[in-house]
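Report on the structure
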Amino acid sequence: MGTRDLLSDEQITSGLLALPEWQREDGSIRRTVQAKDFPAAIRIVDAVAEQAEAMDHHPDIDIRWRTLHFTLSTHSAGGLTALDLKLAALIDAAAAAEA
């Protein structure tokens, strides 16, 4: 199974057990991060941008002062793939580094 193959419901449920900050919404997963201030929020986005570019897998990011909303889905596959779970874990690590 490739990283861009759609995951089954069971695989998604299992993968989200390790990602408790993420919620599934239809064909995507979402998380909100509250950074300590605006510069910290931008550092999180910068860290995520580097990882996403290296993976060639880019999240939707909404920045509202120190509140970041991340949405992940593999659009080319039409839903969630292993790439989404991997990037979610990297986003969690970037957020934790700024906590």
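Look above for the structure.
Quick look at the structure, then. Given the structure is predicted, the values throughout are model-derived calculations rather than measurements.

This part takes up the pairing of strand 4 (residues 67-72). Extensive coverage of strand 4 is indicated by the burial of 5 of its 6 residues. Two strands pair when backbone bridges link them, and strand 2 (residues 28-34) and strand 4 are joined in this way by 6 bridges, in the antiparallel orientation. Within the sheet, the bridge partner assigned to R31 lies in strand 4 and is F70. Relative to strand 4, strand 3 (residues 60-64) runs antiparallel, the two sharing 5 bridges. Within the sheet, the bridge partner assigned to I63 lies in strand 4 and is L68. Connecting the antiparallel pair strand 3 and strand 4 is a turn made up of 2 residues, with W65 showing a positive phi of about 60°.

This paragraph deals with a nonpolar patch on the surface. Taken together, the side chains of F38, I61, I63 and W65 make up a nonpolar region of the molecular surface, amounting to roughly 400 Å² of accessible area. With respect to the element layout, F38 can be found in helix 2 (residues 38-55).

On to the nonpolar core, then. Residues W22, I29, I44 and F70 are the most contacted members of the largest nonpolar core, which totals 26 residues. For this core, the secondary structure elements donating two or more residues are helix 1 (9-17), strand 2, helix 2, strand 4 and helix 3 (82-97).

With antiparallel pairing, 4 strands are arranged side by side in an open sheet as 1-2-4-3. Only two strands of the sheet have a single partner each, and these edge strands are strand 1 (23-25) and strand 3. When strand polarity is set aside, the average angle formed by the axes of neighbouring strands in this sheet is 25°.

The rules we used
Residues numbered from 1 in each chain as written. Predicted model: local features only at pLDDT ≥ 70, side-chain atom pairs only at ≥ 80, totals over all residues. Heavy atoms only, no water. Buried < 20%, exposed > 50% of the residue type's maximum accessible area, 1.4 Å probe, protein only. Helix = DSSP H or I, 4+ residues; strand = E, 2+ residues; numbered from the N terminus. Pairing = 2+ DSSP bridges. Patch = residues over 30% accessible without salt bridge, like charges linked within 9 Å, V, L, I, M, F, W, Y side chains within 5 Å. Areas by Shrake-Rupley, 256 points an atom, 1.4 Å probe, with all protein chains shown as cover. Salt bridge = Lys/Arg side-chain N within 4 Å of Asp/Glu carboxyl O. Core = buried A, V, L, I, M, F, W, Y, C linked by side-chain atoms within 4.5 Å. Axes fitted to C-alpha atoms, helices over the stretch in contact; angles between N-to-C directions.

All quantities given are derived from atomic positions and should not be read as evidence of function.
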